[in-house]
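Breakdown of the fold
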Amino acid sequence: MKTKDTIKNVAVVLPAYNEEKDLPALLARLRETLSNQPFGYRVIIVDDGSKDRTAEIATEAAKTMPVHLVRHGVNRGLGCAIQTGLSEAVNHGDLIVSMDADNSHDPIYIADMVNHMNTHDTGFVIASRFQKGSVVKGVPFIRQGMSWGCFLFMKSIVPYKNVRDYSTGFRGYRGTVLQKVIQRYGGKLVEESGFVCMLEVLLKLRAIGAKAAEIPYTLRYDLKELSLIHI
């Protein structure tokens, strides 16, 4: 079923803290993957008080691709970076995609998200580690176990139809749905820090009745350089 709201523009949100090693490769992949798509795109990088060349890399990339840099003067944590990025991106895209800036998420799946949104009445779509066909490479076994534990725990206490991956940062939000969440919660869209903030956003989407869907993807932690953890 084709929806009436065709995705014409995608805003990609990258919360980044000391990502000078991985950001160049990810930006190159974004440019290569999205430049020839039938939709426009803009990359919004939230530099969360980095002490390395993250901001300079974003500024340099803006010369060859549509990059918009937002800077936090000091490190405020992943939650604040997500809040800033989503609030900014809602003004630029019919679909707002959040990704990790460490090159572990492949931009090729953005087109899959767009195609899903163009053919389904869905509020947001998750690139899920727990769908048939998904592959996880380079993630320590103990961390994979923690992800499964999170899924089983959250599914039992706050079940969300069609959701299995509660904590991933790779998601695509329909702009109109994200606007509704922001209108309700404003500056308190994201109050948690660390990776639990992605669960918080999910629960707030659940509170407004947003329809969810998941697509399979390959998570590539083996492409990620060692860098400081974004806390």
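Thresholds applied
Every chain begins its residue count from 1, and numbering advances along the sequence as written. Residue-level local features of this predicted model are given only where pLDDT is at least 70; pairs of side-chain atoms are given and counted only at 80 or more, and the full residue set underlies all totals for whole chains, interfaces and linings. Computation of side-chain values covers all heavy atoms of the structure but excludes hydrogens and water. Runs of E in the DSSP output that reach at least two residues are strands. Runs of H or I that reach at least four are helices, and both are numbered from the N terminus. For the exposure calls, accessible area comes from a 1.4 Å probe over protein chains only, and a residue counts as buried if that area is under 20% of its type's maximum, exposed if over 50%, partly exposed in between. The protein chains shown are the only cover counted for residues, whose accessible areas, like all others here, come from Shrake-Rupley with a 1.4 Å probe. Within this analysis, the arc is defined by the directions that extend from the helix axis to the C-beta atoms. Contacts are assigned to residue pairs with any non-hydrogen atoms lying within 4.5 Å of each other. Two rings from Phe, Tyr or Trp (for Trp, the six-membered ring) form a pair when their centres are within 6.5 Å of each other. A pair whose planes differ by under 30 degrees is stacked, one over 60 is edge-to-face, and the rest are tilted. A ring is considered to have a charge above it if a Lys NZ or an Arg CZ atom is located within 6 Å of its centre and within 35 degrees of its normal. The working definition used for a salt bridge is a side-chain nitrogen of Lys or Arg within 4 Å of a carboxyl oxygen of Asp or Glu.

1. Quick word on the overall build of the protein chain
In terms of regular secondary structure, the protein chain is built from seven helices and nine strands. With 231 residues in all, the protein chain has 53% of them scored as buried. In the structure as shown, the protein chain presents an accessible area of about 10,800 Å², 54% of it carried by carbon and sulfur atoms.

2. A look at helix α6 (residues 175-185)
Structurally, the α-helix is built with 3.6 residues per turn, so residues lying three or four positions apart point the same way. Inspection of α6 places Gly175, Val177, Leu178, Val181 and Ile182 among the buried residues, and these make up the whole buried set. Down the axis of α6, the sector holding all buried residues measures 160 degrees, keeping them to one side. Away from the buried face of α6 by more than 90 degrees, exposed residues Lys180, Gln183 and Arg184 are located. If you follow the buried residues of α6, they end up packed against α3 (78-89), β4 (95-98), β7 (171-174) and α7 (196-207). Once α6 finishes, Gly186 follows within two positions and takes phi at roughly 55 degrees, a positive value.

3. A closer look at unusual backbone geometry
Phi angles above zero are rare outside glycine, and Asn103 is one such case at about 70 degrees. Its location among the elements puts Asn103 in the loop between β4 and α4 (108-119). Asn103 gets classed as buried once you look at its relative accessible area, which sits at 6%. Even without glycine at this site, Asn162 takes up a positive phi of about 75 degrees. Mapped onto the fold, Asn162 is located in the loop between α5 (141-157) and β7. According to the relative accessible area criterion, Asn162 is partly exposed, its value standing at 47%.

4. Some details on the environment of Ala81
Here Ala81 lies in helix α3. The exposure class of Ala81 is buried, given its relative accessible area of 0%. Sequence spacing of Ala81 and Asp47 is 34 residues, and the spatial spacing of their C-alpha atoms is 7.8 Å.

5. Some points on the packing of aromatic side chains
One pass over the full model with this rule turns up four aromatic pairs. On the basis of an interplanar angle of 85 degrees and a centroid distance of 5.8 Å, the ring pair of Tyr109 and Tyr217 is categorised as edge-to-face. Taken together, the residues Tyr109 in helix α4 and Tyr217 in the loop between β8 (212-216) and β9 (218-220) connect sequence positions 108 residues apart. Assigned by exposure class, Tyr109 and Tyr217 land together as buried. Sitting above the plane of the Tyr185 ring, Lys204 keeps its charged end 4.8 Å from the centroid.

6. Describing the pattern of salt bridges
If charged atoms from side chains of opposite charge come close, those side chains can pair. Per the stated rule, a full pass over the model turns up seven salt bridges. The residue Arg129 makes a salt bridge to Asp165 at a minimum N-O spacing of 2.6 Å. Here Asp165 lies in the loop between α5 and β7 and Arg129 lies in the loop between β5 (124-128) and β6 (135-137), a separation of 36 residues in the sequence. Using a relative accessible area of 18% as the deciding quantity, one classes Arg129 as buried. Exposure remark for Asp165: the relative accessible area of 0% places this residue in the buried category. Of the charged contacts, one joins Lys204 and Glu200 as a salt bridge, the two residues approaching to 2.8 Å between their closest N and O atoms. Here the residue Lys204 and the residue Glu200 both occupy positions in helix α7, the gap between them amounting to four residues, near one helical turn. The two residues Lys204 and Glu200 agree in class, both being buried. By sharing partners, the salt bridges in this structure join Glu191, Glu200 and Lys204 into a single network.

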